[in-house]
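# Coordinate analysis (summary)
Letter by letter, the chains look like this.
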Amino acid sequence: LYDVAQRYIQDFLKEFPTSQKRLEANLLMGQCYFFKAQYLKAFEVFKGLLQYTEFRDATLFWLGETYLKGKDYAQAEKHYRQLIDVYPDSIYTPQAYYSLGWSYFEQKEYTKAREYFQKLVTKFPAHVLNEDASFKQGECAYNEVQYEEAIGYFKDYVQRFAQSNRHDQAYFYTAESYYYLEDFRSAATYYEKSASISQDPNLVVISRVGLGWSHLKLGDFERSRKSFDEALAFAHS
């Protein structure tokens, strides 16, 4: 309800122009623009707030997020780092580590991305973003062709986050890693796990295809054909 929120904020700023909560209201206005994907307007609001010390940690974070949406990675990283350096105890600092990791991930700089995801996991083990950061570490290792490390990350992820709804993806990445390591028996085991629990039709199909290839590599042609047939039938269902 960002449009409604903006109307109330505008009314508040007009009625109480000298209120001590004026800066906070403008910060909320910038966030409304941000979540409505009006990034230029959001940028103008956040940039104007940067001159004030109050809420500067929040302002630095939201400026970083706005730059990240615009793919200005250098400026995004600059603001995230300033937040981390100046306000290490801010509630926005864990999110800054996460967003720094995302910034590098989007640029395919997976080593740096993994470094910042790891910092979030280590420094803020109870934070809500810990789970996703842990998963992204596995993705980084996989994309770096560090398959043994990727397997370790994803197995640890499944164990640590037993209630996660991303186990099917973790199993798939594990299976893929084993496949490229030419451990086709282990690959088959994890493709089967992925296909059996996933609610994502596309993931089920590609897991069944991977299972078929694994059995083919193992010389089990009957099970290979069965897996390919199941993938085809599921794709057409």
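Everything below is about the structure printed above this text.
Let us look at the structure shown here. (Residues numbered from 1 in each chain as written. Predicted model: local features only at pLDDT ≥ 70, side-chain atom pairs only at ≥ 80, totals over all residues. Heavy atoms only, no water.)

### Focus on the overall build of the protein chain
- Each helix and strand in the protein chain was counted, giving 13 helices and zero strands.
- Starting at the N terminus, the α and β elements of the protein chain follow one another as α-α-α-α-α-α-α-α-α-α-α-α-α.
- A globule of 237 residues ought to have a C-alpha radius of gyration of about 18 Å, yet the protein chain, at 23 Å, is considerably larger.
- Residues classed as buried in the protein chain amount to 47% of the 237 residues present. (Helix = DSSP H or I, 4+ residues; strand = E, 2+ residues; numbered from the N terminus. Rg over C-alpha atoms; globule rule 2.2 N^0.38 Å. Buried < 20%, exposed > 50% of the residue type's maximum accessible area, 1.4 Å probe, protein only.)

### Some words on the pattern of salt bridges
- Applying the stated criterion across every chain yields a total of 13 salt bridges.
- In this structure, arginine 208 engages glutamate 192 in a salt bridge whose closest nitrogen and oxygen atoms are separated by 3.1 Å. In this pair, arginine 208 sits in helix α12 (residues 201-217) while glutamate 192 sits in helix α11 (residues 184-197), placing the two residues 16 residues apart along the sequence.
- Of the residues examined, arginine 208 reaches a relative accessible area of 15% and is grouped as buried.
- The class of glutamate 192 is partly exposed, set by a relative accessible area of 32%.
- Through salt bridges with shared partners, one network takes in Glu192, Arg208, Lys226 and Glu230. (Salt bridge = Lys/Arg side-chain N within 4 Å of Asp/Glu carboxyl O.)

### Looking at helix α10 (residues 167-180)
- With 14 residues, α10 ought to run about 20 Å at 1.5 Å a step, and its terminal C-alpha atoms sit 20 Å apart, in line with that.
- Among the structural elements, α8 (130-143), α9 (147-160), α11 and α12 are those in contact with the buried residues of α10.
- One or two steps after α10, the chain reaches glutamate 182, where phi turns positive at roughly 65 degrees. (Expected span 1.5 Å × (residues − 1). Contact = heavy atoms within 4.5 Å.)

### Side note on α9
- Taking 1.5 Å of rise per residue, the 14 residues of α9 would be expected to cover 20 Å, and the 20 Å separating its terminal C-alpha atoms lies within 8% of that figure.
- Looking at α9, one finds that the buried residues are Tyr147, Ala150, Ile151, Phe154, Tyr157 and Val158. Each buried residue of α9 sits inside an arc of 130 degrees when the element is viewed along its axis, so together they form one side. Opposite the buried face of α9, at more than 90 degrees from it, the exposed residues are Glu148 and Gln159. (Arc of directions from axis to C-beta.)

### Description of a nonpolar patch on the surface
- A contiguous nonpolar patch, built from Val209, Trp213, Leu216 and Phe221 and spanning about 370 Å² of accessible area, is present on the exposed surface.
- If you tally residues by element for the nonpolar patch, the top one is α12, at three residues.
- The exposure class assigned to leucine 216 is partly exposed, which follows from its relative accessible area of 32%. (Patch = residues over 30% accessible without salt bridge, like charges linked within 9 Å, V, L, I, M, F, W, Y side chains within 5 Å. Areas by Shrake-Rupley, 256 points an atom, 1.4 Å probe, with all protein chains shown as cover.)

### Things to note about the packing of helix α2 (residues 22-35) against helix α3 (residues 39-49)
- Where α2 contacts α3, the two axes come as close as 7 Å, and the packing angle between them is 155 degrees. As summarised for this structure, α2 and α3 are arranged roughly antiparallel, according to the angle between their axes. Here the hand of the crossing between α2 and α3 comes out left-handed. Between α2 and α3, the residues in contact are Leu23, Asn26, Leu27, Gly30, Gln31, Tyr33 and Phe34 and Tyr39, Lys41, Ala42, Val45, Phe46 and Leu49, respectively. (Axes fitted to C-alpha atoms, helices over the stretch in contact; angles between N-to-C directions. Parallel < 35°, antiparallel > 145°, perpendicular 65-115°, else oblique. Left-handed = near helix turned anticlockwise from the far one by under 90°.)

### Some details on the side chain of serine 177
- With respect to the helices and strands, serine 177 occurs in helix α10.
- On the basis of relative accessibility, which here comes to 0%, the residue serine 177 falls in the buried class.
- Only 2.9 Å separates the side chain of serine 177 from the backbone oxygen of tyrosine 173, close enough to count as a polar contact.
- Look past the residues within four positions of serine 177 in its chain and what remains in contact with it is Tyr142, Tyr147, Ala150 and Ile151. (Polar contact = N/O pair within 3.5 Å; in protein donor to acceptor, adjacent residues only side chain to side chain.)

### Remarks on the nonpolar core
- Trp62 and Tyr80 are the most contacted members of the largest nonpolar core, which has 41 residues in total.
- Contributions of two or more residues to this core are made by α1 (2-15), α2, α3, α4 (56-69), α5 (73-86), α6 (93-106), α7 (110-123) and α8.
- Setting aside residues up to four positions removed in sequence, tyrosine 80 forms contacts with Phe61, Gly64, Glu65, Leu68, Ala96, Ser99 and Leu100.
- Counting residues in hydrophobic clusters, the runner-up holds 24 residues, among them Tyr142, Tyr157, Tyr179 and Leu203. (Core = buried A, V, L, I, M, F, W, Y, C linked by side-chain atoms within 4.5 Å.)

### Some points on unusual backbone geometry
- Positive phi is not limited to glycine here, since valine 145 has a value of about 65 degrees.
- Tracing the chain through its elements places valine 145 in the loop between α8 and α9.

### Comments concerning the packing of aromatic side chains
- Considering all chains together, one arrives at 32 aromatic pairs under this definition.
- Look at phenylalanine 34 and phenylalanine 35: their rings are 5.4 Å apart centre to centre, the planes differ by 90 degrees, and that puts the pair in the edge-to-face class.
- Look at phenylalanine 34 and you get buried, because its relative accessible area is 7%.
- Among the residues examined, phenylalanine 35 registers a relative accessible area of 43% and is labelled partly exposed.
- Between the aromatic rings of phenylalanine 34 and tryptophan 62, the centroid separation amounts to 5.2 Å while the plane-to-plane angle is 70 degrees, which identifies the pairing as edge-to-face. With phenylalanine 34 in helix α2 and tryptophan 62 in helix α4, the pair connects residues that are 28 residues apart, well separated along the chain.
- Linked through ring pairs, Phe135, Tyr142, Tyr147, Phe154, Tyr157, Phe161, Phe172, Tyr173, Tyr179, Tyr180, Phe184 and Tyr191 together constitute an aromatic cluster.
- Over the ring of phenylalanine 105 we find lysine 136, and its NZ or CZ is 3.8 Å from the ring centre. (Phe/Tyr/Trp six-rings, centres within 6.5 Å; stacked < 30°, edge-to-face > 60°. Lys NZ or Arg CZ within 6 Å of the ring centre and 35° of its normal.)

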